[in-house]
Amino acid sequence: MEAYLFYILAVVTVIGTVMAITEQHPVHAIVYLVTSFFSLAMIFFLLSAPLIAMFEVIIYAGAVMVLFMFVIMMLDLGRPSEASRPFLRRWALPMLLGGIILVSIVTVAVNHISSPDTSRMISINDFSVVLFRKYGVAIEIISMQLLFAVVGALYLGRKRDDR
Amino acid sequence: MDTIAIPAINLAVIAPEVVLSVVAMALLLINVFVKSEQKGYLGYLSIAGILGTLLMLIPAWGSSVEGFSGTIIQDNFAIFFKVIFLISAAMSILITDKYLEREGCNQGEIYPLILFATVGMMLMASGTDLMTIFLGLEVLSVSLYVLAGFNRNNIKSNEAGLKYFLLGAFSTGFLLYGMALTYGATGTTKIAKIASYIAMNGVSSSNLMLVAGMILMSTGFAFKVAAAPFHMWTPDVYEGAPTPMTAFMSVGPKAAGFAAFARVLLVALPALKPEWSSLLWVLAVLTMTVGNITALYQQNIKRMLAYSSIAHAGYILVGFTAGNAVGTAGILFYMLSYAFMNIGAFAIIILVGKKGEENSNVSDYAGFGYRHPVLGIAFCIFLFSLAGIPPAAGFIGKFYLFSGAIQAGYIWLAVIGVLNSAASVYYYLRVMVFMYFKEPTEDFEWVKLTPAFVLCLLIAVIGVLVPGVLPGLFLELAQKAVLM
């Protein structure tokens with residue numbers, strides 16, 4: 001059961017990612033990318049990593065993609081007139097992919113596959129213990145890196161100084 | 001409620017990195033209160049920070065401390081590389097101030113960014129976990145992208161920053177994918193544990209996942225050290241970036257890339273040595289040949305030195321291919337002397353440039369040797385060392401790299417290396433021919449030495465000549481720092 005679901009979802013992920021790369025319209029590309037993130041989250045769930053699945057949805061599909069959308073709309077790259085023309089044909093594939101993901105979620109929920117092997121399941125407690133005990137220094141490095149990425153972005157993004 | 005027991009923190013392991021990052025952040029704050037004309041003082045403060053870090057590192061020599069549950073180690077190998085990074089950062093800072101003033105881009109952010117890039121390199125040299133190495137590389141790269149595009153009003157600098165960013169992010173993907181596959185094959189990211197897992201479970205070259213991981217990681221590192229065929233970004237980025245940053249980028253990050261590369265291949269994957277040494281053989285030959293042949297017909301001296309730095313990555317790969325103690329000691333020695341000769345050469349290039357006009361064509365150097373005899377001699381010393389001509393350190397370094405290859409049985413590799421080295425003499429000598437045998441067209445009256453430049457050039461000349469004339473001490477240090 002899980003094996004079938006895995007292969008189906010893997011195909012969905014690959015199609016979603018390939019379409020995200022090849023799609024001309026940025027908003028459509030983002031929709032495909034969100035699709036691929038969702039099916040990836042399902043794969044993580046099937047691999048008894050519900051926490052990572054949650055992160056995938058909240059951080060990637062949620063926060064990062066919303067940021068992308070926001071930037072696209074702020075810079076007005078969306079070309080709305082172009083996007084609305086052949087509505088159904090454009091949206092058939094993402095709806096199909098999304099439908100597959102939805103069906104797989106329902107299947108998992110109905111069959112009560114909490115996760116294939118509960119004993120291997122990583123709880124949020126285990127995760128944070130490993131993160132802060134073993135990789136505490138890594139977190140410090142990442143936070144420093146973000147600080148300097150912000151410094152660099154602020155420097156390069158400042159108004160031109162013609163002196 | 002459960003509390004997380006935080007294991008004992010061995011701060012001694014990362015003390016140098018901590019000090020340098022704190023200095024960098026303090027400079028970021030001080031920068032706000034410093035007037036634009038006085039940003040140079042930030043440079044002196046950062047050099048003080050670097051000197052403090054150096055003083056901290058020297059007593060640690062000879063001991064090997066591990067910390068943070070085996071993700072970071074400070075051994076001789078790491079300390080040797082850290083000293084190279086700190087020296088190259090300090091020398092680049094010395095020549096930065098005047099250049100930025102001249103180009104009208106006198107912004108204080110450059111010093112914290114240089115220091116932070118140095119922290120990244122130090123983490124790469126001392127990381128014993130693929131995760132730490134990767135994070136160190138990211139810390140380094142993010143700072144370098146900004147440094148390459150630091151001259152915001154110059155379109156070439158913008159191009160360099162963007163190009164480096166896009167290609168760097170692409171190559172990081174390769175590296176990360178390789179690390180993920182290695183993790184998948186061995187179940188750990190700790191370098192020592194990867195090796196022991198392979199030894200215990202008899203995972204060998206038949207394990208495609210591990211081999212693919214090794215190849216992808218090598219690709220990522222080869223990009224960072226600018227080895228052919230992953231060198232395409234180098235000339236454009238080196239040409240466009242502000243010249244002091246080109247000097248910085250061509251030494252430190254290359255050394256850091258080799259440090260991490262060496263630790264991953266020599267410590268984690270010795271079981272795959274037949275595979276990776278044949279891979280590196282091809283890379284070394286390609287890198288030396290492409291670098292040298294392309295450098296032969298470069299008119300722009302910054303581009304020429306960019307291709308020459310590609311060729312030098314090739315020479316170092318020769319010692320790496322050997323994978324023995326002599327070759328590895330050769331890498332360490334060569335990286336140290338390369339720092340001095342390359343930054344010295346770039347310092348002269350900065351001096352010859354004018355505002356908005358870099359004067360970086362080889363023909364612009366016509367008669368320079370007569371107008372400024374001392375600078376001319378210094379430039380000759382650096383170029384001779386780059387070409388590998390005896391009294392300079394470059395010769396001893398190449399000698400060790402190639403003898404390591406011969407000892408390991410790679411006779412042909414050494415032969416190709418020596419032939420390449422001979423070919424490279426042409427383009428270094430060409431600059432000298434222009435300096436001494438052509439009629440001067442300019443009077444070079446704008447070339448003005450500041451104390452910082454004098455200091456930088458003095459350090460560079462000493463650093464090239466002393467290890468060249470008396471290599472014993474430095475080689476002994478390098479041999480003590482070898483990973484095996």
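One numbering rule holds for all chains: residues counted from 1, following each sequence as written. Whichever chain is written first is A, and whichever ligand is written first is 1; the rest continue in order. Under the rules for a predicted model, residues below a pLDDT of 70 receive no local features and side-chain atom pairs below 80 are neither given nor counted, while totals for whole chains, interfaces and linings still include all residues. To obtain the side-chain values, all non-hydrogen atoms of the structure were included, while hydrogens and water were left out.

Visitor: How should I be thinking about the pattern of salt bridges in this particular structure?
Guide: As a working rule, side chains carrying opposite charge can pair if their charged atoms are close by. Residue and element names in this part refer to chain B. A pairing counts as a salt bridge when a side-chain nitrogen of Lys or Arg comes within 4 Å of a carboxyl oxygen of Asp or Glu. Taken as a whole, this structure holds eleven salt bridges over all chains when the rule is applied. Close ionic contact of Glu239 with Lys156 constitutes a salt bridge, the shortest N to O distance being 2.8 Å. Of this pair, Glu239 sits in helix H9 (residues 233–240) while Lys156 is found in helix H6 (residues 155–186), placing the two residues 83 residues apart along the sequence. Overlapping salt bridges bring together Lys156, Glu159, Lys163, Asp236, Glu239 and Arg303 as one network. A run of H or I in DSSP counts as a helix once it spans at least four residues, and a run of E counts as a strand once it spans at least two, with each numbered from the N terminus.

Visitor: I would appreciate a short explanation of the state of the cysteines in the present structure.
Guide: Linking two cysteines covalently through their sulfur atoms gives a disulfide. Residue and element names in this part refer to chain B. Cysteine sulfur atoms that pair up within 2.5 Å are treated as a disulfide. Under the definition given, this model contains zero disulfides over all chains. Not engaged in a disulfide, the cysteine Cys380 finds its nearest cysteine sulfur in Cys456; these two sulfurs lie 17 Å apart. Partly exposed describes any residue whose relative accessible area lies between the buried limit of under 20% and the exposed limit of over 50%, with all areas from a 1.4 Å probe on protein chains only and scaled to the type maximum. By relative accessible area, which is 11% here, Cys380 ends up buried. The class of Cys456 is buried, set by a relative accessible area of 0%.

Visitor: Please clarify how the domain arrangement of chain A should be interpreted in this entry.
Guide: Size of an interface: often given as the accessible area lost when the parts come together. Residues and elements named next belong to chain A. Domain boundaries assigned for chain A yield domain 1 (1–80) and domain 2 (122–163). The split of the chain into domains comes from an automatic or database domain assignment. Centre-to-centre separation of domain 1 and domain 2, based on C-alpha positions: 23 Å. Contacts between domain 1 and domain 2 engage four residues on the former and four residues on the latter. In this description, buried area is defined as the sum, over both parts, of the accessible area (probe of 1.4 Å) that is lost when the two are combined. Buried surface at the junction of domain 1 and domain 2, both sides included, amounts to about 320 Å², of which 80% is carbon and sulfur. We call two residues in contact when some of their heavy atoms are within 4.5 Å.

Visitor: I tried to follow the environment of Gly161 of chain B on my own but got confused; where do I start?
Guide: Residues and elements named next belong to chain B. Inspection of the secondary structure puts Gly161 in helix H6. A relative accessible area of 8% places Gly161 in the buried class. Between the C-alpha atom of Gly161 and that of Gly240, which follows or precedes it by 79 residues, the distance is 8.2 Å. Here Gly161 is in contact with Tyr145, Ala148 and Gly149, once residues within four sequence places are set aside.

Visitor: Help me understand the interface of chain B and chain A in this model?
Guide: Contacts between the two partners involve 36 residues from chain B and, on the opposite side, 25 residues from chain A. Here chain B packs against chain A, burying approximately 2,800 Å² in sum over the two surfaces, 65% of which is carbon and sulfur. If you look at where chain B meets chain A, you find one salt bridge. The shortest N-O distance in the salt bridge between Arg158 of chain A and Glu109 of chain B comes to 3.2 Å. Polar contacts, as used here, are pairs of N or O atoms within 3.5 Å; protein pairs need one atom able to donate a hydrogen and one able to accept it. Residues neighboring in sequence count only if both atoms are side-chain atoms. Inspection of the chain B/chain A interface yields six residue pairs in polar contact (both at pLDDT 80 or more). Residue assignment for the side of chain B that touches chain A shows that the elements contributing at least two residues are helix H1 (11–33), helix H4 (110–126) and helix H5 (130–148) of chain B. No other element matches H5 of chain B, which puts seven residues into the side of chain B that touches chain A. Side-chain classes are defined by residue name, with Ala, Val, Leu, Ile, Met, Phe, Trp, Tyr, Cys and Pro counting as nonpolar, Asp, Glu, Lys and Arg as charged, and the others, Gly among them, as polar. Residues that form the side of chain B that touches chain A fall into these classes: 21 nonpolar, nine polar and six charged.

Visitor: Would you explain the nonpolar core in this entry?
Guide: Most often, soluble globular proteins have nonpolar side chains that are buried together. Only buried Ala, Val, Leu, Ile, Met, Phe, Trp, Tyr and Cys residues count toward a nonpolar core, and they belong to the same one when joined by side-chain atoms within 4.5 Å. Formed by 190 residues in total, the largest nonpolar core has its most connected members in Phe81, Leu269, Phe320 and Phe379 of chain B. Leave out the neighbours within four places in its chain, and Leu269 of chain B touches Ile194, Ile198, Leu210, Met214, Met217, Val264 and Trp276 of chain B. One finds Leu5, Val12, Tyr32 and Ile101 of chain A within the second-largest nonpolar core, a separate group that totals eleven residues.

Visitor: Is there a simple way to explain a nonpolar patch on the surface in this structure?
Guide: All names here are of chain A. A patch consists of residues whose relative accessible area exceeds 30% and which take part in no salt bridge; residues with like charges are grouped when within 9 Å of each other, and nonpolar side chains (Val, Leu, Ile, Met, Phe, Trp, Tyr) when within 5 Å. In these tables, accessible area is a Shrake-Rupley quantity obtained with a 1.4 Å probe, and a residue counts as shielded only by the protein chains included in the view. Together, Leu67, Phe68, Phe70, Val71, Met74, Leu75 and Leu77 make up an exposed nonpolar region whose accessible area comes to about 710 Å². The residue Val71 is located in helix H3 (residues 50–74) in this model. The exposure class assigned to Val71 is partly exposed, which follows from its relative accessible area of 36%.

Visitor: How should helix H8 (residues 208–224) of chain B be read in this particular structure?
Guide: Because the α-helix completes a turn every 3.6 residues, residues three or four places apart line up on one side. Residues and elements named next belong to chain B. Expected span, for any helix, means 1.5 Å times one less than how many residues it has. Between the first and last C-alpha of H8 there are 24 Å, a value that for 17 residues agrees with the 24 Å anticipated at 1.5 Å per step. Extensive coverage of H8 is indicated by the burial of 13 of its 17 residues. By the N-cap criterion, in which a side-chain oxygen at the helix start approaches the backbone nitrogen of a residue two or three places on, H8 is capped by Asn207, the distance to Met209 being 3.1 Å. Two residues or fewer after H8 comes Ala226, characterised by a positive phi angle close to 60°.

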